[in-house]
Amino acid sequence: MEIGSSSGNFKLYDRLELLEYQDKFVIKSVESPDQGFSICRREGNIEPLSDESSSGRPSKISTIYGVAGTIRLLAGIYVLVITSRKEVGSFLGYPVYRVESMKFLACNEALRYSNSQEKRDEAYFMTLLKTVEATPGLYYSYETDITLNLQRRCKLMEGWMSKSIWKQQADPRFVWNKHLLEELIEYKLDGFIIPLLQGSFQVAQLKLKNSPATFTLLSRRCTRRLGTRMWRRGANLEGDTANFIETEQLLELEGFRCSLLQIRGSIPLLWEQIVDLSYKPQLRVINHEQTPQVVERHFHDLFQRYGETIALDLTDKHGDEGQLSAAYSAEMQKLPNVRYVSFDFHHVCGNSNFDNLHILYDQISQEFEKQGYFLIDTDGNILEEQKGIIRSNCIDCLDRTNVTQSYLAQKSLNIQLQRIGVFTSTECISMFAEDYGKFRTLWAEQGDEISLEYAGTHALKGDLVRFGKQTVAGLLKDGMSALSRYYLNNFHDGIRQDALDLVSGRYTVSRNNPSPFQLNSFESFSYLPVASALLIGGLTVTTFTIQQAGRNAQQYVSSVVWAGVAAGVMALVKANGRQFCSRPRLCGLL
C-alpha cells in the first residue's frame, strides 16, 4: 500500500503503467513498480505481480490512471481502466478528478471456442460495454472517499482514513462501480481499488465581503435503482427510487465548514411511463398490494439516515401527473412522521415567476430552519448539526426539482453566513452580484450534469436557476433539449438501460441462463427503418402526384393510393408505438 504524507492517510496509486503482452495484461504502479498484478487474456485470471509477469517485450506500453473494475461475460473477463482524467477541484482539501475517458481491456480469447449464439450474445454485451465507456459524470479521489458527506465523516472513529479507500466506511449507495470492484477486492488489491461516484462536482472561489471562501456543490447518485429517464421510474419493492440523488452544498471560510444536504428521488410508488412514440407517454400507477410497505420502507430508510423528512411534491395537480400525485398524497397520509407538502410548481411559478417559490418557502420555513445545517470550526468542534432533510420530487426529479433545491440552498447559505458573522442580519448573497452569479452558475451546471446522466440532455428551466427568469435563448435551448429527450428516450435508452443493468450487477451473465436476445416477437429496430421509409416515401409520392393530379385521372388515383399507404403506415406505427421503440432486453421494470 502507498501511504501519503506524514498524516498517515491512505493514498491510491495515481499513475499506472499498462503493459500489453500477447498472453496477458500487466498493470503496475509507476511510483512503486513492484506493486501491481497481471490478467490472463484467455481465462481472465488475476495474479499478483511477480518477476515473470513482466518478462519478455510488451507489444504496447501506455499510462492509465486507475482500474475501475472487472466484469465477466460469456467468453471471459473485461477490465475497465481510466485512460484520461481531469482535476476539477478539491473536497475538504483532497484533489478530486473527473473521468474523461475509459476503455475495457478484453480478456476473451476463449470466444473462438463459443457457439454461434454465444458469439452473438457476446457481441451485444460488448456493445453495451462501449456504452458504459461513455458514462458521464464519474468522479473520484486518490486520497479520500467522496461518497461520504461532511456530517457523516465527522462522526466516524479516529484513524478511519488510514484504511484503504474502499474500506473507509464508503456509502455503498453511491459507489457506481461497486459490482465491478468485487474481484479486485477478492484479490486484496487495495492500492488499485477506486470507488467511483456518479453525479456532479462543482467548485467556485467566492469573495464574500473580502472573506475568501470555497463553495462546493457535490451530488451523489444512488445506484440501487440506476437507470434512464423512461425505463426507471418510481420505486422497486425494496423502496429504492429512481434518480435518487444526495446533494451536498459545502462552504469553507475562515476555518469554518458548513454543509447542507438535500435529496431528490422519483415518487416512491410503483408506476411506469412506457415510451410509445408519443411526446408525453401516459403515466400508469401500478396497483400492488405491497405499495404501502414500499412507501414505508423508503421513508424509514430516509429517517434512519437523515432524520425527520419533509417531502416536497412539485408535480401538477391535473391530468396524469395529478392522478399520480393524488395516489402519492393518499399513501403519505398513512405516515404520521413525515410531512408531505404538495406544491404545483407549474401553476404557481409558470415558466418565469421564480420568485413565487417564496409561497412554498413560507409553508416550510419554520421546519426547514429547525432542521438546520452542519457546522464545524477550525478545531473540528461541531457547532451545529443538520437534524432532518428536505426530499424534493417532480416527475423526472430534474428541472423543477433543481430550481426548488437551489432556492432552498440559497436560503440556507444566507443563514449560515449570518451565523458565522460574515453577513449582518439584513444581508444576503443576492446583494453581492459576482458571488451570487457564481452560486447560480454552479447550481445550473449541476442540474445540467445530473440531467445528462438520467435523461441524456441538459436540464430544462436552467435560466431560472442562472438568471431568475426565462430568456429567449433559454427557451430555444429548452426546446432543443426537449426534442433530444424525445429521440433518446424513444430510440436509444433501451440499450443504455441494458448497459446500466449489466454494469450495476442487476443482470448477471451466465452460460447456464438462456440467451436474453432470442426474441419471441419481431425486432423493433429492424422494422422501424422500413416503416419510416414507407411513411416518408408515401408522403413524398403523394405530394408529387397531387401536383400532377389535374392532368389525368390516373394521377389522381395514384395520389389517393399513396395517401392511403402513408395513412396506413402512420396508423400502424401509432397503434404499435411501444413496439417501435428501443426497449431494454435484460431486466424488467421493477
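Please read these numbers as outputs of a predicted model, since none were measured by experiment.

Let's talk about the overall build of the protein
Counting its secondary structure elements, the protein contains 14 helices and 22 strands. Within the protein, the fraction of its 590 residues that count as buried is 56%. By sequence separation, contacts in the protein at least 24 residues apart represent 68% of the contacts at least 6 residues apart. Accessible surface, the protein as shown: approximately 25,700 Å² in total, 51% of it carbon and sulfur.

Side note on helix 9 (residues 433–454)
In this model helix 9 runs 32 Å from its N-terminal to its C-terminal C-alpha over 22 residues, within 8% of the 32 Å that 1.5 Å per residue would give. Gly456, located one to two residues past helix 9, shows a positive phi value of around 90 degrees.

Describing the packing of helix 1 (residues 116–133) against helix 12 (residues 493–503)
As a packed pair, helix 1 and helix 12 sit with axes 9 Å apart at the nearest point and diverge in direction by 90 degrees. The angle between helix 1 and helix 12 places the two elements in the roughly perpendicular class. Note on element contacts: helix 12 touches helix 1 through Ile495, Arg496, Asp498, Ala499, Leu502 and Val503, opposite Tyr124, Phe125, Leu128, Leu129, Thr131 and Val132. Within the contact of helix 1 with helix 12, the residues separate by chemical class into nine nonpolar, one polar and two charged.

Here's the deal with unusual backbone geometry
Phi is positive for Lys188, which is not a glycine, with a value near 55 degrees. Here Lys188 is to be found in the loop between helix 3 (182–186) and strand 12 (197–206). A positive phi angle is found at Lys209, which is not glycine, with a value near 55 degrees. Its place among the elements puts Lys209 in the loop between strand 12 and strand 13 (213–221). For Lys209, a relative accessible area of 37% translates into the label partly exposed.

Side note on the pattern of salt bridges
Following the criterion strictly, the structure yields 36 salt bridges and no others. The closest approach of N and O atoms between Asp14 and Lys11, which form a salt bridge, is 3.1 Å. For the residue pair Asp14 and Lys11, the accessibility class agrees, reading buried in each case. Lys155 serves as the salt-bridge partner of Glu385, at 2.5 Å between the closest nitrogen and oxygen. Taken as a pair, Glu385 in the loop between strand 21 (382–384) and strand 22 (388–393) and Lys155 in the loop between helix 2 (150–154) and helix 3 lie far apart in primary sequence, 230 residues in all. Taking the relative accessible area as the measure of exposure, Glu385 reaches 31% and is therefore partly exposed. Several salt bridges converge on common partners, so that one network encompasses Arg152, Asp171, Arg173, Arg220, Glu246 and Glu248.

Let's talk about the sheet that holds strand 7 (residues 60–64)
Strands sit in the order 6-5-4-3-7 across an open sheet of five strands; the sheet is antiparallel. On the outer flanks of this sheet lie strand 6 (46–48) and strand 7, each paired with one strand and no other. Direction aside, neighbouring strands of the sheet carry axes that sit 20 degrees apart on average.

Points about the pairing of strand 10 (residues 94–107)
The sheet contact formed by strand 9 (residues 77–91) and strand 10 spans 13 bridges and is antiparallel. Looking across to strand 10, one finds that Val81 is bridged to Lys103. Connecting the antiparallel pair strand 9 and strand 10 is a turn made up of two residues, with Leu92 showing a positive phi of about 55 degrees. For strand 10 and strand 11 (residues 138–140), the ladder comprises two bridges, and the chain directions are antiparallel. What sits directly across from Arg98, in strand 11, is Tyr139.

Details of the environment of Glu449
With respect to the secondary-structure elements, Glu449 resides in helix 9. Between the C-alpha atom of Glu449 and that of Phe201, which follows or precedes it by 248 residues, the distance is 9.1 Å. Dropping the residues within four chain positions of it, Glu449 is found in contact with Arg98, Gly137, Tyr139, Gly199, Ser200, Phe201 and Gln202. One polar contact links Glu449 to Ser200, side chain to side chain, over a distance of 2.9 Å.

Considerations on the packing of aromatic side chains
The final tally for this structure, using the stated rule, is 16 aromatic pairs. Following the ring pairs from residue to residue traces out a cluster consisting of Phe354, Tyr361, Phe368 and Tyr407.

A look at helix 12
With ten of eleven residues buried, helix 12 lies mostly within the body of the structure. Among all positions of helix 12, only Asp493, Gly494, Arg496, Gln497, Asp498, Ala499, Leu500, Asp501, Leu502 and Val503 are buried. Turning to helix 12, the residues buried within the fold contact strand 8 (67–72), helix 1, helix 9 and helix 11 (472–491). Immediately downstream of helix 12, the backbone of Gly505 shows phi near 85 degrees, a positive value.

Focus on the confidence of the model for the protein
Detailed conclusions should not be drawn from predicted coordinates in areas where pLDDT is low. In the predicted model, the protein carries a mean pLDDT of 88, and the fraction of residues at 70 or more is 87%. Confidence over residues 1–6 falls short of pLDDT 50; this stretch has ten contacts with residues more than four positions distant or in other chains.

A few points about the packing of helix 8 (residues 399–420) against helix 9
As a packed pair, helix 8 and helix 9 sit with axes 10 Å apart at the nearest point and diverge in direction by 145 degrees. As helix 8 runs across helix 9, the sense of the crossing is right-handed. Touching Asn402, Gln405, Ser406, Ala409, Gln410 and Leu413 of helix 8 are Tyr436, Phe439, Trp443, Gln446 and Gly447, all from helix 9. For the contact of helix 8 with helix 9, the residue count by class is five nonpolar, six polar and no charged.

Calculation criteria
- Residues numbered from 1 in each chain as written.
- Predicted model: local features only at pLDDT ≥ 70, side-chain atom pairs only at ≥ 80, totals over all residues.
- Heavy atoms only, no water.
- Helix = DSSP H or I, 4+ residues; strand = E, 2+ residues; numbered from the N terminus.
- Buried < 20%, exposed > 50% of the residue type's maximum accessible area, 1.4 Å probe, protein only.
- Contact = heavy atoms within 4.5 Å.
- Areas by Shrake-Rupley, 256 points an atom, 1.4 Å probe, with all protein chains shown as cover.
- Expected span 1.5 Å × (residues − 1).
- Axes fitted to C-alpha atoms, helices over the stretch in contact; angles between N-to-C directions.
- Parallel < 35°, antiparallel > 145°, perpendicular 65-115°, else oblique.
- Nonpolar A, V, L, I, M, F, W, Y, C, P; charged D, E, K, R; others polar.
- Salt bridge = Lys/Arg side-chain N within 4 Å of Asp/Glu carboxyl O.
- Pairing = 2+ DSSP bridges.
- Polar contact = N/O pair within 3.5 Å; in protein donor to acceptor, adjacent residues only side chain to side chain.
- Phe/Tyr/Trp six-rings, centres within 6.5 Å; stacked < 30°, edge-to-face > 60°.
- pLDDT = per-residue confidence, 0-100.
- Left-handed = near helix turned anticlockwise from the far one by under 90°.

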